[in-house]
Amino acid sequence: MSIRPRFTGSLAALSPDERASILDRARRDADPIIEERVRGIVARVRTNRDAALVDLTRELDGVSLDALEVERDAIHAVLGRMEPSIVLALERAAANIERVHRAFLPAPVEIESEPGVWVGRRADPLAAVGVYAPGGRAVYPSSVLMGVVPARAAGVDDIVVCSPPGPNGAPSDVVLAAAAIGGASRVFSIGGAQAIAALAFGTPSVPKVDRIVGPGNAYVAEAKRQVAGVVGIDAPAGPSEILVIADESADAEHVARELLAQAEHDPEASCVALSTSTELCARIVDALAKADVGRASIIEQALSSRGAVLAVSSVEEAIAFARDYAAEHLLLALRDAEAWLPRVRHAGTVFLGDGASVAFGDYMTGANHVLPTAGAARSFSGLSSLEFVRWTTYQRIDRAAASSMSSDVDMLATSEGLPAHAAAARAFRSAAVVPRAKQRPRARSSYGQMALYSSNRRPAPIDLSDNTNQLGPPPGALGLLDGDETEALSRYPSHYADGLKRILASKLGVGADEIVTGCGSDDVLDSTIRAFASPGERLAFPMPTFAMVPYFCHMNGLAPCGVPLLGAERGYDVDAEALLATGARIIYLCSPNNPTGTLTTRAAVERIVSEAPGLVILDEAYIEYAGESFARRARDAGRLLVVRTLSKAYGLAGARIGYAVGAPELVLEVEKSRGPYKITRLAEKMAEAVLEHDQAWVDAAVSDVVAARARFEQWLTERNITFVPSAANFVLVLAPNANEKATRLRERGVAVRPFPALERFGDALRISVGPWSVMERVLTSFEEVLA
């Protein structure tokens, strides 16, 4: 069979009728016969409900159903008998879809429209959605993922899948596998218009949903149109279509493959290629004629009725046609495709790049393949996270603003003949108001849920609550305090502490361009989070961990996503799989972890760095007490930033010096976010002196603490006091009524940090470890309070 497009030659040579026949694609919701049949099906389902679904499935699909719903165990059992490679491919596709659609979730917005008037908007997930998965000419597990996964990413609780049954009374195994992997709540063996009616109105078996999405045949499209006033629906869908715009640099075989791929979907598929090269057009037509493909009959029907390969005089002419055509898929096979992308206005989705193929978008990129067809892209968008949320707006008005607006609102309401509205506004005209000058500006809405951070530290004769170096500052830092350092106070410091960066780089065996410094590691963490995540995106972290991490999330408008540590039998390691499953933009790890003192295994760090969709932060504030650092591996890891501090082992907590190591391109972005002058000249000089002259002192101090830690843990063991084995300069002791015990210790002159109701551990006390001479002085107090 020779495959040839209906239209060839040039676009300009087409008659008005020929051009119109290309532009006016089939709209499957316009057939009066189908409309009447669907109306009858919908009425039967509304009247007879489950019985109608069973009868219609037997009449229309030739299948007798024992049950409408597929049992949950049967759905998940499919995964065990599927080809593992298919399961892995579905899992990879689902992971990409989730990453993309989580990133597309809208952030809450609040704006002050005029003084004292705040208008906000937030996206709330729908309660229940229905996802239709076709099962006609072919089964489409990818369509299941495209509906289910974005709904789950948006936070929808109940996700119901309907798909036509096969001869065994259930949807195909691959559709069930996709439903299981995607996270569907329930699956029903119902297809066609009757499935849409059941989802829209509900039956004793099928729950009523708030929105129905997913492609389908003419009957499905018509049913969705008829129930659109009852439930929300996605964009109207029809036969598949593609428009390719190519110049002389394009590969004719590539363009032909793209046309064939869309043509095989449906005899009414529309496949058009426009090129500025008449020679390329001829090669495309030749490639189509020589194609040896399956589903040849469908392809031949599609191209012979709705196929075109046409020459244009310029890319501008092609872009103008694309604006009128409003294609489901637009492929820009152009040398400078990026330059033309901003000119595209009407398209379901656009493909560009050396490896661009619609097939990748249909399955694997993470973008959604449920897209508007038949020109609907002029006013509709493709399926996305936005289909599964609804907006809640709110308006906050203070008394002064109400008084200011009352006269204008009174006038407008009166002009519209609404006297009660006018009276409601007038009531505020003489209201007592707070003078505008005394009203404070409002912070970002996320700050309203955030308390001011406090460690609740108070002075004590022996302070073991803050994990600092109990030996005090190193000799080199003390020497600077005795010297003449007036210039360090009177002049600005260097922008980015370049001298300190060079010394740190030399010490770590990395390049200076791999180092970023900050005013403590907190500053580095905050700057990094601000640089690599936008408001509304997720930051995942193990629980419990560094207490400031959720604060950084709220300060930067991010969604915190805590994942509990694994149990004691796993050494309280991080749950790498669960952290990755969040699809978070940033994953934060702390090793040794604060406040548990436990190490994150190398295998867990390497897996997370390898598979994370975004940045991984590894906080090594206590690494000197634990062992090998990841710092030298950060550059090659690409997406890893290792954060360190001079506050702990180096004894410079008061100087506030932190730094991070990573690939230069990451470091540059953090420095942009950090800004200049974050380390004072005196602090920088202290750090340089300590790093260059006091390493032996630091190493000895660390050895003393590690030895004291071992003795303290042995002391706890001998007294049957439960603790978490530590790799840091502190030990977490499990202690019911932690606040009370901390108070009793303070009464004895000893400060420790209580952690009430700590995730996975319960009440606990974090006790910093100093030299054994310090620890010995407090053992009696510990024994009285803890044992």
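Every chain is numbered on its own, with residues counted from 1 as its sequence reads. pLDDT decides what is reported in this predicted model: residues at 70 or higher carry local features, side-chain atom pairs at 80 or more are listed and counted, and totals for whole chains, interfaces and linings draw on all residues regardless. The side-chain quantities take in all heavy atoms of the structure and omit both hydrogens and water.

**Student:** So what about the pairing of strand β6 (residues 158–162)? Which residues, and what values?
**Tutor:** Burial analysis of β6 places 4 of its 5 residues in the buried class, which makes it a mostly covered element. The sheet contact formed by strand β5 (residues 128–132) and β6 spans 5 bridges and is parallel. Counterpart to Gly 130 in the pairing with β6 is Val 160. Working definition: with a 1.4 Å probe on protein chains only, accessible area under 20% of the residue-type maximum means buried, over 50% means exposed, and in between means partly exposed. The helix and strand labels rest on DSSP assignments: H or I over at least four residues marks a helix, E over at least two residues marks a strand, and numbering proceeds from the N terminus. The pairing criterion is simple: DSSP has to find at least two bridges between the two strands.

**Student:** Summarise the pattern of salt bridges; cite the residues concerned and give the values.
**Tutor:** We count a salt bridge whenever a side-chain nitrogen from Lys or Arg sits within 4 Å of a carboxyl oxygen from Asp or Glu. Taken as a whole and assessed by the stated rule, the structure comprises 33 salt bridges. A salt bridge links Arg 44 to Glu 59, with the nearest nitrogen and oxygen atoms 3.1 Å apart. With Arg 44 in helix α2 (residues 32–48) and Glu 59 in helix α3 (residues 50–61), this residue pair connects regions lying 15 residues apart in the sequence. Since its relative accessible area comes to 29%, Arg 44 is described here as partly exposed. A relative accessible area of 47% places Glu 59 in the partly exposed class. The network of salt bridges with shared partners includes Glu 35, Arg 39, Glu 222 and Arg 225.

**Student:** Give a detailed account of unusual backbone geometry, specifying residues and quantitative values.
**Tutor:** The step from Met 543 to Pro 544 runs through a cis peptide bond, and the omega angle for that step is 0 degrees. Along the chain, the position of Pro 544 falls in the loop between β18 (538–543) and α22 (548–555). The omega torsion across Asn 594 and Pro 595 is 25 degrees, close enough to zero to call that bond cis. Residue position: Pro 595 is located in the loop between β20 (586–590) and α24 (602–611). Backbone geometry places Arg 656, a non-glycine residue, at a positive phi of 55 degrees. Residues other than glycine seldom take positive phi values, yet Asn 737 does so here, at roughly 55 degrees. Within the fold, Asn 737 resides in the loop between β25 (730–734) and α29 (738–747).

**Student:** With reference to specific residues and values, describe α2.
**Tutor:** In a helix, the anticipated span is given by 1.5 Å times the number of residues less one. If you check α2, its first and last C-alpha atoms are 24 Å apart, about what 17 residues at 1.5 Å a residue would give, namely 24 Å. Within the sequence span of α2, burial applies to Ile 34, Val 38, Ile 41, Val 42 and Val 45. The buried side chains of α2 occupy one side of the element, clustering within an arc of 100 degrees when seen end-on. Relative to its buried face, α2 has exposed residues pointing more than 90 degrees away, namely Pro 32, Ile 33, Glu 36 and Thr 47. In this structure, the buried residues of α2 make contact with α3, α8 (192–201) and α9 (218–226). Polar contacts, as counted here, are pairs of nitrogen or oxygen atoms within 3.5 Å of one another; within protein the pair requires one atom able to donate a hydrogen and one able to accept it, and residues that are adjacent in sequence qualify only if both atoms are side-chain atoms. Of the residues flanking the start of α2, the one acting as N-cap is Asp 31, its side-chain oxygen 2.9 Å from the backbone nitrogen of Ile 33. Just downstream of α2 lies Arg 49, where phi reads positive at about 55 degrees. Within this analysis, the arc is defined by the directions that extend from the helix axis to the C-beta atoms. Any two residues having at least one pair of non-hydrogen atoms within 4.5 Å are treated as being in contact.

**Student:** Report on the nonpolar core, specifying residues and quantitative values.
**Tutor:** Of all hydrophobic cores here, the largest spans 85 residues; its most connected members are Ile 608, Phe 712 and Phe 782. Setting aside anything within four residues of it in sequence, one finds Phe 782 in contact with Leu 464, Phe 712, Trp 715, Leu 745, Val 750, Val 752, Ile 767, Met 775 and Ala 787. Definition of nonpolar core: a set of buried residues of the types Ala, Val, Leu, Ile, Met, Phe, Trp, Tyr and Cys, connected through side-chain atoms within 4.5 Å. Within the second largest apolar cluster, 39 residues are counted, among which are Val 70, Ala 94, Val 148 and Ala 170.

**Student:** Describe the sheet that holds strand β11 (residues 270–275), and please don't skip the residues or the numbers.
**Tutor:** A sheet is described by the order of its strands in space; here 6 strands give the open sequence β1-β12-β11-β10-β13-β14, paired in parallel fashion. Edge positions in the open sheet fall to β1 (7–10) and β14 (347–351), since each of these has one partner strand only. Strand-to-strand twist of the sheet, defined as the mean angle between neighbouring strand axes without regard to direction, takes the value 15 degrees. Sheet topology note: the strand β13 (residues 327–333)/β14 ladder contains 4 bridges and is parallel. By the bridge assignment, Leu 330 is partnered in β14 with Val 350. Structural elements are reduced to axes, namely lines fitted to C-alpha atoms, with helices fitted over the stretch in contact, and the angle between N-to-C directions of any two is expressed from 0 to 180 degrees. Most of the contacts of helix α10 (residues 252–263) go to strand β10 (residues 241–246), to which it runs at about 170 degrees, and overall it touches β10, β11, β12 (307–311) and β13. In the packing of helix α11 (residues 278–289) onto the sheet, the strands contacted are β1, β10, β11 and β12, and the crossing angle to β12 comes to about 155 degrees.

**Student:** How would you summarise the side chain of Asp 573 if you had to cite specific residues and measurements?
**Tutor:** Tracing the backbone shows Asp 573 in the loop between β19 (559–564) and α23 (576–581). His is not counted here, nor are the chain ends, while Lys and Arg score as positive and Asp and Glu score as negative. Of the side chains bearing the opposite charge, Arg 570 lies closest to the buried Asp 573, which forms no salt bridge; the N-O distance is 5.9 Å. For Asp 573, the contacting residues outside a window of four places in its chain are Leu 565, Leu 566, Leu 599, Thr 600, Thr 601 and Ala 604.

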